[in-house]
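Listed below are the residues making up each chain.
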Amino acid sequence: MPSRAVTVKIPETLARRLDAAAAERGLSQSELLRRAIDDYLGRGPSAEGTFGALASDLCGMAEGPRDLSTHPRHLKGYGK
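The structure displayed is predicted, hence computed values, not measured ones.

1. Some thoughts on the overall build of the protein
Regarding its fold elements, the protein presents four helices and zero strands. Here the C-alpha radius of gyration of the protein, 22 Å, is well above what a compact globule of 80 residues would show, namely 12 Å. The burial tally for the protein puts 9% of its 80 residues in the buried class. When the accessible surface of the protein is split by element, carbon and sulfur atoms take 56% of a total near 7800 Å². Between the mean site of the 12 positive side-chain charges and the mean site of the 10 negative ones, the protein shows a separation of 7 Å.

Structural data, given as structure tokens:
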């Protein structure tokens, strides 16, 4: 896949943290930034997403009252 260069200006303190993190992990700054951006955008190999996103295909699968989590009659005795 062809790569595209992107220029980003960051504060010196962040640049030092980037240098240290890349060295600690044995990665280039570019590779570390690619992984961080992938994770942040939720498309990286380690990004699993939220529970809601992961279970979205299951929503509406179970039968039951629609107000189960909000109507007082369903909550009577909950937490006792």
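2. What about the confidence of the model for the protein?
On average, residues of the protein score 84 in pLDDT, and 90% of them reach the 70 mark or higher. Per-residue pLDDT, averaged within each element of the protein, yields its smallest value for helix 3 (residues 51-54) (74) and its largest for helix 1 (residues 12-25) (96).

About the criteria used
Residues numbered from 1 in each chain as written. Predicted model: local features only at pLDDT ≥ 70, side-chain atom pairs only at ≥ 80, totals over all residues. Heavy atoms only, no water. Helix = DSSP H or I, 4+ residues; strand = E, 2+ residues; numbered from the N terminus. Rg over C-alpha atoms; globule rule 2.2 N^0.38 Å. Buried < 20%, exposed > 50% of the residue type's maximum accessible area, 1.4 Å probe, protein only. Areas by Shrake-Rupley, 256 points an atom, 1.4 Å probe, with all protein chains shown as cover. Lys, Arg positive; Asp, Glu negative; His and termini not counted. Charge placed at Lys NZ, Arg CZ, Asp CG, Glu CD. pLDDT = per-residue confidence, 0-100.

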